[in-house]
Amino acid sequence: MKKITILNLLISILYSQIIWGPDIRLTPVGDSTANMKPRAAVWGDTIHLVYEATKPGAIFDIYYMRSIDRGETWSEPINLTINDPDDANSPWITCWENKVHVVYQEGPGGDSIMYIRSLDGGNTWENPRILIKPACLPQIGCLGDTLFVASPAPGNNKQFWFRRSFDGGTSWLPTQIIDTTAWGRRMCISHSGYLHIAALGEIYTVEIYYLRSPDKGETWEGPFVISKVDSVPSQKPTLSVSDSSIYIAWGDVATLFTDYIIERHSHDNGNTFSQYQNLTPLGRSRESEIYTNGEFVILVWKDNRINGGTDFDLFWRASFDGGNTWTEEKILSDTSTYIYIGFCATGYGDDIYVFWSDSNRDGLFFKKGIYVNVEEKYGLKERKEINILCSNILFLPQKIKIFVKNGIKYSLNLLDLQGRKILTLKEGIGKGEEEIILKEISLGSYFLILETKAKIFKRKILILKGG
């Protein structure tokens, strides 16, 4: 018999989770304005938000608001298109440091793509100017002062327009046609300079196609079909990129009442893609959004499984290993909602930001999540006696798990950073793994101290306001 020796010098357990704050209303209660199609871009602690809004009997305009403290507080909205006499709709936004760039569609039929920018972090804005005509449903991305705008031609004219600027939007190269099969779009840019586009198009059937440029739009490869080529049309692709990893999801209509969200990913800049994954097996889903940072990926989608299929709530699930495995489906919003026209999910680092237009509560809402990836390392003997199992970032009320070996007397205390005891959370005789609810504590930094006669386990925690 072959002898196998396993050395347990160190055990490493990974606790990965997303901690969500509450639903935050961004527009006033009772506001008669219809707010829809939110889009956000983030740089550091600053979140830039644009959305389409109109009052009864008025034209549509593009509004802007921002938060400079990761969503804790928000500025009053300002109308970016107040001097534009035509309808302004379908905005898209990107940013780099303090430069913010917005494109939108002007005119009900998609007559023109307009561009507007701020060079001081959203404090002041230049006048809008025409960028592409005729075109519709634009998207914009940037890499420093290099800007990229992609837009399909209006109607059934299967032309995909593309335009670039290398000086932060001051001047623009001529418009290019980069594809003649697509009429939908979703564009992302990796920091290596690769451009990636997922588009609804038709070569033989209506499917999702993928295009890429390895040289910032000088040359293009594709389109390559990403979805299954069959008699069932695919719809509404979404795309997110982190370094060389690309995640594409889309809707796949099975019957009149069952839609699925299908996902594929690549970890080599689109050279190869994974197999198809159905991430919404219940089949009550609609359009989706993806955000990724490294191996962390989150999918958010509309789902009508609640209230007899009459309302569309937001659901989510996440992967912590680059899309190989996924968490269970969970509802996102605090209360049953109805997603009106449009929602978006984005982020910066481990912060996740979701925005949606809520018909049940008549307003624009926001929710913040924090991806927590805590790696605890400890010796085998210590693991058998005591441990604190929670993240370092907490929203109250928060469930904390501790492990104390059976029969060992212990106490769990909360201390301030000067070592003064604030509260005894629990004390008693160990029973293995137990749970304690931490609540009604002021915001700030603390120490959790789990102590027995022979051992002390200390963890520094940060308590934040939700949202």
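Let me begin by describing the structure that accompanies this report. (Residues numbered from 1 in each chain as written. Predicted model: local features only at pLDDT ≥ 70, side-chain atom pairs only at ≥ 80, totals over all residues. Heavy atoms only, no water.)

## A word on the overall build of the protein
Phase 1 of the analysis: From N to C terminus, the protein includes one helix and 37 strands.
Phase 2 of the analysis: Out of the 467 residues belonging to the protein, those deemed buried represent 53%.
Phase 3 of the analysis: For the protein, the proportion of contacts with a sequence separation of at least 24, taken over those separated by at least 6, is 47%. (Helix = DSSP H or I, 4+ residues; strand = E, 2+ residues; numbered from the N terminus. Buried < 20%, exposed > 50% of the residue type's maximum accessible area, 1.4 Å probe, protein only. Contact = heavy atoms within 4.5 Å.)

## Observations regarding unusual backbone geometry
Phase 1 of the analysis: Put simply, K133 and P134 share a cis peptide bond, and its omega is -5 degrees.
Phase 2 of the analysis: The linkage connecting G222 with the following residue, P223, adopts the cis geometry, with an omega of 10 degrees.
Phase 3 of the analysis: Within the element layout of this structure, P223 appears in strand 18 (residues 221-225).
Phase 4 of the analysis: One non-glycine residue with positive phi stands out, namely K37, at about 50 degrees.
Phase 5 of the analysis: In this fold, K37 is placed in strand 3 (residues 34-43).
Phase 6 of the analysis: Judged by relative accessible area, which is 27%, K37 ranks as partly exposed.

## Comments concerning the sheet that holds strand 34 (residues 421-429)
Phase 1 of the analysis: Pairing is mixed across the open sheet formed by five strands, whose spatial order is 31-37-36-33-34. Lying at the two open borders of the sheet, with one neighbouring strand each, are strand 31 (393-395) and strand 34. Adjacent strand axes in the sheet meet at a mean angle of 25 degrees, parallel and antiparallel pairs treated alike.
Phase 2 of the analysis: Relative to strand 36 (residues 444-451), strand 33 (residues 409-415) runs antiparallel, the two being bridged by five bridges. By the bridge assignment, S411 is partnered in strand 36 with E451. (Pairing = 2+ DSSP bridges. Axes fitted to C-alpha atoms, helices over the stretch in contact; angles between N-to-C directions.)

## Points about the sheet that holds strand 21 (residues 259-266)
Phase 1 of the analysis: In space, the four strands of this open sheet follow the order 19-20-21-22, with antiparallel pairing throughout. Each end of this open sheet is capped by a strand with a single partner; those strands are strand 19 (234-242) and strand 22 (277-278).

## Focus on the nonpolar core
Phase 1 of the analysis: Within the largest apolar cluster, 20 residues are counted, with the highest numbers of intra-cluster contacts made by L438 and L450.
Phase 2 of the analysis: Taken together, the elements giving at least two residues each to this core come down to strand 30 (386-389), strand 32 (398-404), strand 33, strand 35 (432-438), strand 36 and strand 37 (456-464).
Phase 3 of the analysis: The contact partners of L450, leaving out residues within four places of it in the chain, are I386, N387, I388, I402, F403, V404, Y410, S411, L412, K455, I456 and F457.
Phase 4 of the analysis: If you look at the next biggest cluster of nonpolar residues, it comprises 17 residues, including W20, F296, L314 and V354. (Core = buried A, V, L, I, M, F, W, Y, C linked by side-chain atoms within 4.5 Å.)

## Concerning the pattern of salt bridges
Phase 1 of the analysis: Evaluation of the coordinates by the stated rule reveals 21 salt bridges.
Phase 2 of the analysis: Between K236 and E287 there is a salt bridge whose closest N-O contact spans 3.0 Å. With a gap of 51 residues between them, K236 in strand 19 and E287 in strand 23 (residues 285-293) connect regions that are remote in the sequence.
Phase 3 of the analysis: Taking the relative accessible area as the measure of exposure, E287 reaches 21% and is therefore partly exposed.
Phase 4 of the analysis: One salt bridge connects E329 with R305, and the closest N-O pair in it is separated by 3.1 Å. (Salt bridge = Lys/Arg side-chain N within 4 Å of Asp/Glu carboxyl O.)

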